[in-house]
Amino acid sequence: MLFRELADTYERLEATSSRLEMTDILAEAFRRFEPSEIRMAVYLTQGQLYPDFNPLKLGMADKMILKAIAFASGAGESFVQELMLKEGDPGIVAQKAFQNKKQTTLFSEPLTLRRTYETLEAIARSEGGGSQDLKIKLMSKLLSNASSSEAKFLSRVITGRMRLGVSSMTVLDALAVAFASKEDRDAVERAFNVSSDLGLVAEELALHGLEGVKGIHVKVNRPLRAMLAERMSSPEEILEKMGGTCAFEYKYDGVRLQAHICNGEVRLFSRKLDELTSQFPDVVAGLKRTMRAESAIVEGECVPVDTNTGEFLPFQEVSHRRGRKYGVEEAIEDYPVKLCLFDCILKNGEDLTDRPFLQRREALMSIVEPDDSVTLSEIRVLSSAEEAQAFFQEAIKDGCEGLMAKSIADGSVYRAGNRGFLWIKYKKEYRSEMNDTVDLVVVGAFAGRGKRKGFYGALLMATYDPDADRFETVSKLGSGFDDANLAALLEMLAPDRVPEKHHLVDSRMEADFWFQPRLVLEVRGAEITLSPIHTCSFGSVRPDSGLAIRFPRFTGRFRDDKEGREATTSQELLAMYQAQLKRVE
Ligand code: AMP
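Computed from a predicted model, the values in this text were never measured in an experiment.

Draft legend 1. Seen up close, the packing of aromatic side chains. In the structure shown here, the tally under the stated rule is 13 aromatic pairs. With centroids separated by 5.9 Å and ring planes inclined at 85°, the aromatic side chains of Tyr252 and Phe312 adopt a geometry described as edge-to-face. Of the two residues, Tyr252 sits in the loop between β2 (246-251) and β3 (255-262) while Phe312 sits in the loop between β5 (295-304) and α15 (316-319), which places them 60 residues apart along the sequence. Residue classification places Phe312 among the buried residues on the basis of a relative accessible area of 15%. Site record: aromatic cluster; members linked through ring pairs are Tyr250, Tyr252, Phe312 and Phe391. The ring of Phe421 carries the charged tip of Lys241 above its face, separated from the ring centre by 4.3 Å. Here Lys406 stacks its cationic end above the ring of Trp423, 4.1 Å away from the centre of that ring.

Draft legend 2. Quick look at the pattern of salt bridges. Inspection of every chain in the model, using the stated rule, returns 34 salt bridges. Between Asp89 and Arg163 there is a salt bridge whose closest N-O contact spans 3.7 Å. Of this pair, Asp89 sits in the loop between α5 (77-87) and α6 (90-99) while Arg163 is found in the loop between α9 (148-159) and α10 (168-179), placing the two residues 74 residues apart along the sequence. When its relative accessible area of 45% is taken as the criterion, Arg163 is described as partly exposed. In this structure, Arg292 engages Glu369 in a salt bridge whose closest nitrogen and oxygen atoms are separated by 3.1 Å. On the criterion of sequence distance, the pair formed by Arg292 in the loop between α14 (281-290) and β5 and Glu369 in the loop between α17 (357-367) and β8 (374-376) is long-range, its members being 77 residues apart. Overall, the relative accessible area of 47% leaves Glu369 in the partly exposed class. Taken together, the salt bridges that share partners define one network made up of Glu11, Glu14, Asp89, Lys152, Arg156 and Arg163.

Draft legend 3. Local environment of the state of the cysteines. Per the counting criterion, the structure on display carries zero disulfides. In this model Cys340 remains outside any disulfide bridge; the closest cysteine sulfur is found in Cys400, 7.2 Å from its own. Of the cysteine sulfurs around Cys344, a residue in no disulfide, the closest is that of Cys262, at 14 Å. By relative accessible area, Cys344 is classed as buried at 0%.

Draft legend 4. Expanded view of the sheet that holds β2. Pairing in this open sheet of five strands is mixed, and the strands run β1-β11-β10-β2-β9 from one edge to the other. Pairing within the sheet leaves two strands with one partner each, and these edge strands are β1 (228-231) and β9 (379-382). Averaged over all pairs of adjacent strands, the angle between strand axes in this sheet comes to 35°, irrespective of strand direction. Of the strand pairs in this sheet, strand β10 (residues 402-406) and strand β11 (residues 419-427) are connected by five bridges, and their pairing is antiparallel. Residue pairing across strands places Gly402 opposite Lys427, the latter belonging to β11.

Draft legend 5. Structural view of the domain arrangement of the protein chain. By domain assignment, the protein chain separates into domain 1 (47-159), domain 2 (228-427) and domain 3 (437-579). Here the C-alpha centroids of domain 1 and domain 3 sit 62 Å apart.

Draft legend 6. View of the side chain of Thr16. Its place among the elements puts Thr16 in the loop between α1 (3-14) and α2 (19-32). Owing to a relative accessible area of 11%, Thr16 belongs among the buried residues under this scheme. Reaching out from Thr16, the side chain makes a polar contact with the backbone nitrogen of Ser18 at a distance of 3.0 Å. Setting aside residues no more than four positions away along its own chain, Thr16 makes contact with Glu21, Met22 and Ile25.

Draft legend 7. Looking closely at the site of the ligand. Close to the ligand lie 13 residues; Glu249, Arg256, Glu301, Lys406 and Lys425 are nearest. Here an oxygen atom of the ligand and a side-chain polar atom of Lys251 are 3.1 Å apart. The side chain of Lys406 places a nitrogen or oxygen atom 2.8 Å from a nitrogen atom of the ligand. Relative to its unbound accessible area of 500 Å², the ligand is 89% covered by the protein chains. Within the residue set of the shell around the ligand, elements represented by two or more residues are β2, β10 and β11. Its residues assigned to classes, the shell around the ligand comprises five nonpolar, no polar and eight charged.

Draft legend 8. Main features of the environment of Phe33. Within the fold, Phe33 resides in the loop between α2 and α3 (38-45). Separated by 423 residues in the primary sequence, Phe33 and Tyr456 have C-alpha atoms spaced 69 Å apart. Contact partners of Phe33, with chain neighbours within four places excluded, come to Met1, Leu6, Thr9, Ile38 and Ala41.

Draft legend 9. Focus on the packing of helix α8 (residues 131-144) against α9. Where α8 meets α9, the closest approach of the two axes is 10 Å, and the angle between their N-to-C directions is 155°. Comparing the axis directions of α8 and α9 gives the class roughly antiparallel. In terms of crossing hand, the pair formed by α8 and α9 is right-handed. Of the residues in α9, those in contact with Met139, Leu142 and Leu143 of α8 are Ala151, Leu154, Ser155 and Ile158.

The rules behind each value
Residues numbered from 1 in each chain as written. Predicted model: local features only at pLDDT ≥ 70, side-chain atom pairs only at ≥ 80, totals over all residues. Heavy atoms only, no water. Phe/Tyr/Trp six-rings, centres within 6.5 Å; stacked < 30°, edge-to-face > 60°. Helix = DSSP H or I, 4+ residues; strand = E, 2+ residues; numbered from the N terminus. Buried < 20%, exposed > 50% of the residue type's maximum accessible area, 1.4 Å probe, protein only. Lys NZ or Arg CZ within 6 Å of the ring centre and 35° of its normal. Salt bridge = Lys/Arg side-chain N within 4 Å of Asp/Glu carboxyl O. Disulfide = S-S within 2.5 Å. Pairing = 2+ DSSP bridges. Axes fitted to C-alpha atoms, helices over the stretch in contact; angles between N-to-C directions. Domains from an automatic or database assignment. Polar contact = N/O pair within 3.5 Å; in protein donor to acceptor, adjacent residues only side chain to side chain. Contact = heavy atoms within 4.5 Å. Near = heavy atom within 4 Å. Areas by Shrake-Rupley, 256 points an atom, 1.4 Å probe, with all protein chains shown as cover. Nonpolar A, V, L, I, M, F, W, Y, C, P; charged D, E, K, R; others polar. Parallel < 35°, antiparallel > 145°, perpendicular 65-115°, else oblique. Left-handed = near helix turned anticlockwise from the far one by under 90°.

This is the structure:
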């Protein structure tokens, strides 16, 4: 098959914005293509050479593509660069440059799809010294045999931006029309969702029809598209939707990981199917320690933890770990994480996607021996809205975003790549951003562990309520202290130690050490939330909650100029909360 046929199809696709027309154009083309070549054609249509999860990408910089265009078309670099400034699309630049090309047909041979694809593969594979020149040379060679339309789409494939408006879903529509029927669309989509590989689905359909795609199953080391959740705003609504009873789990605030385990090897993929194995060697080691299966695919949320307070940290902390090639070891120390597993998709070679949720949970429990770094998500099967609300409060108290409700009905399968009501998220509704620092009083402390052994690991902080003459807790503070601060705190707090909770302190939390409320520290937090465990302005917003400062950090400033009763008041914090309250979607 000639690349020209594909370019002609792209020209027609480009000329329409109607999804229906696109489907027809593609379906007609798919029927014409050789089954052995359809896979390549499908990837190229997406501006790719392989499925998303394959790390090998074409990725040639625009600058290099322009060089190749200038060289192969004879148009001259300055002409090409000027054109690029005007058009902003290497495809149009190539098209125009090649329109003016003086034909030197003597050595040109028509581009076949296979040769084009194999040359593009060679471009993607070349790396190291001299690879840039080689890439430009290979690209120029392709272009020198191209028509202006072919040059346009070759350049676009290489940038990865086809600008055709064809989504994966349109390709699936067209594949179903071309090789099965519209009614079989679901089966075709399912094959894509469990394999994440549009090329594979196309090839199976072209070669073996519907039976072919029905044979596509979840496979270890090939990530599947993640199941997604709908959203609702009350446990009552959720329970009604779920038929009266469902499982509720903590909704952790981190990075979703899909772990593939095979004969002792572990690979990790993100929700977008990027491979993250090398960025989380500690998670890989944790899974090797805790998994008891020859092969498995499990899913969980990777959450950053503060080893001093034992609390979860803002999920952004995990992002320090992503995209790193160097310094991974340091990042592991600075940003320790915990993996909370919540699903099992494959166990010892068996595809579990069609099993109801609780069976998958059982499978998960049967193959994981949890430890400190790899655990199972907190879960409760509940039928009462009050109990669900109480569980929600616990989740918030433990630093989670809210709850995930999961259907436990017979049909509660793992619906890869789908957002539906089998999973419903119930998030914290109220939170308020903090723009200002606050001055909080130290009322208690927790013993340090690890690097902080012998020092305080975290401090229990409070606001002051002048009406009741009480100190009310708002936060556990563990961040922002350097070694000198930690040593200073030991000395500064020594005279304030009291054997038990001071009579002016209101706390629902048990600290290891208690102090007379005197020392004031300046603290910056990310947001003010409701919490059942902190006593600041308790009951003012909701009967069962007080206010809490999330992700507090010591600014470095000891407010020696203030005494305990001059700290930020509970009423002030309530006003700050109300002033910045926003409804979070
Ligand atoms: P959202 O990103 O707000 O749409 O919520 C869905 C995300 O919550 C999922 O993609 C997971 O990354 C995350 N998540 C946290 N805890 C759970 C859990 N127990 N079950 C499923 N997903 C969870």
